Amino acid sequence: MSEIQRELETKVYVAGHRGMVGSAIVRKLQNEGFKNILTRTRSELDLTNQQAVFDFFKEEKPQHVYLAAAKVGGIHANNVYRAQFLYENLMIEANIIHAAWLHGVEKLLFLGSSCIYPKMAEQPLVEEALLTGPLEPTNEPYAIAKIAGIKLCETYRHQYGANFISAMPTNLYGPGDNYDLETSHVLPALLRKIHTAKVNGEDEVHLWGTGSPQREFLHVDDLAIACVHLMDTYDGEDWVNVGTGVDLSIRALAEMICEVVGYTGRLAWDTSKPDGTPRKLMDVSRINALGWKAQIELRDGIERVYSEVKDTF
Ligand code: GFB
């Protein structure tokens, strides 16, 4: 068997395969020809249940793990379901990372988030900015859980020699996103709101905050390429930012979406809703130096996603 054939036989567990990130990783692995992809639905395996996770790893003995399972949401969900965001994410990470070590997983990739960096960190955000200042309050519980995940990978590497690595994606969008207006992230929320306003002939659309915060958006298919690339090539202890290195204001995003959707009404800003972090632009020099760069331009990505979802709203 050749080296490549052997690699394609690797038993790979993708935790969170029904989510936007996990499903993109599964698609990418399938396209690459991986033959042994292991998944479990939430009803088959509750990742917050330590014994169930330990039993699963003992029985299946995966060689590689992509840890893409998480409780996620936009600014409102993060701010309201604070206990769940902290508890569920801590449990999922601790259970999987410990089980992976106990059962000899050869390599694990943990997915974090750009919200781990301090609210007022210097821009663009370098990896070294971690733990240098207070976090953005609206997503502090989620960020603390994600920081714990990074530290689990780091400490299991130091103490036990485990090859566990971490990637920190910027704000994501793509197929399989959440379009529930209460719990979604900004890009899917705006697509839905602006599409609905157009279809209903409304002359204004209500968006949250002031429109001035800056955000960076990465298509999840680009993230999946980065994840598989890191799994193949990167064994370092430092976590790695994954983004485009380009951002825009929420107002500019809304205007771009209006163009894609073909909506010409007015944007009305509800300033009783939070703005969140003023800016979180990733410094992506580390991953660029490792041989990955985002390929999908934001406008193209939005057009792609809009054509996939517009008939489902
Ligand atoms: O994606 P998002 O909800 O979260 O974006 P974050 C929030 C920004 O978009 C704020 C504005 O400035 C909001 O005021 N916004 C405008 C809206 N209209 C809307 C709307 O209809 N819905 C939403 N959701 N926002 C997330 C964290 O922060 O970043 C997650 O909550 C994660 O934990 C992710 O880390 C990367 O970008 O502020």
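Remember, predicted model here, so these are calculated numbers, not experimental data. (Residues numbered from 1 in each chain as written. Predicted model: local features only at pLDDT ≥ 70, side-chain atom pairs only at ≥ 80, totals over all residues. Heavy atoms only, no water.)

**Q** Could you give an account of the layout of surface pockets, with specific residues and numbers?
**A** Looking at the second largest pocket, its volume works out to about 270 Å³. Lining the second largest pocket are 15 residues, with Thr-244, Val-246, Ala-294, Ile-296 and Glu-297 positioned closest to its centre. Each residue belonging to the lining of the second largest pocket can be placed in one class, and the counts come to seven nonpolar, four polar and four charged. (1 Å grid on protein atoms, 1.4 Å probe; cavity = no way out; pocket = protein on both sides within 12 Å on 5 of 7 lines; lining within 4 Å. Points joined across faces, edges and corners; volume = space filled by probe spheres on them. Nonpolar A, V, L, I, M, F, W, Y, C, P; charged D, E, K, R; others polar.)

**Q** Which residues make up the side chain of Glu-60, and what values go with them?
**A** Residue position: Glu-60 is located in helix α3 (residues 50-60). On the basis of relative accessibility, which here comes to 16%, the residue Glu-60 falls in the buried class. When sequence neighbours within four positions are dropped, the list of residues in contact with Glu-60 reads Lys-11, Leu-38 and Arg-40. (Helix = DSSP H or I, 4+ residues; strand = E, 2+ residues; numbered from the N terminus. Buried < 20%, exposed > 50% of the residue type's maximum accessible area, 1.4 Å probe, protein only. Contact = heavy atoms within 4.5 Å.)

**Q** Describe the nonpolar core, with residues and values.
**A** With 74 residues, the main nonpolar core has Ile-25, Phe-57, Tyr-66, Ile-96 and Leu-108 as its most contacted residues. Of all the elements, helix α8 (residues 220-233) adds the most residues to this core, at eight residues. Those residues in contact with Leu-108 that sit more than four places away from it in its chain are Val-65, Ile-96, Ile-97, Ala-100, Cys-153, Asn-163, Phe-164, Ile-165 and Met-231. Judged by nonpolar contacts, the second largest core, of 28 residues, contains Leu-190, Ile-257, Leu-267 and Leu-298. (Core = buried A, V, L, I, M, F, W, Y, C linked by side-chain atoms within 4.5 Å.)

**Q** Break down the pairing of strand β1 (residues 12-15) for me, with residues and values.
**A** The side-chain alternation of β1 yields two buried faces, one formed by Val-12 and Val-14 and the other by Tyr-13 and Ala-15. Direction of pairing for β1 relative to strand β2 (residues 37-38): parallel, over a ladder of two bridges. Note that in β2 the partner of Val-12 across the bridge is Ile-37. Handedness of the β1-helix α2 (residues 20-32)-β2 crossover: right-handed. By the bridge criterion, four bridges tie β1 to strand β3 (residues 64-67) in an arrangement that is parallel. Bridge pairing in β3 links Ala-15 to Leu-67. (Pairing = 2+ DSSP bridges. Right-handed = clockwise from strand over helix to strand, strands pointing away.)

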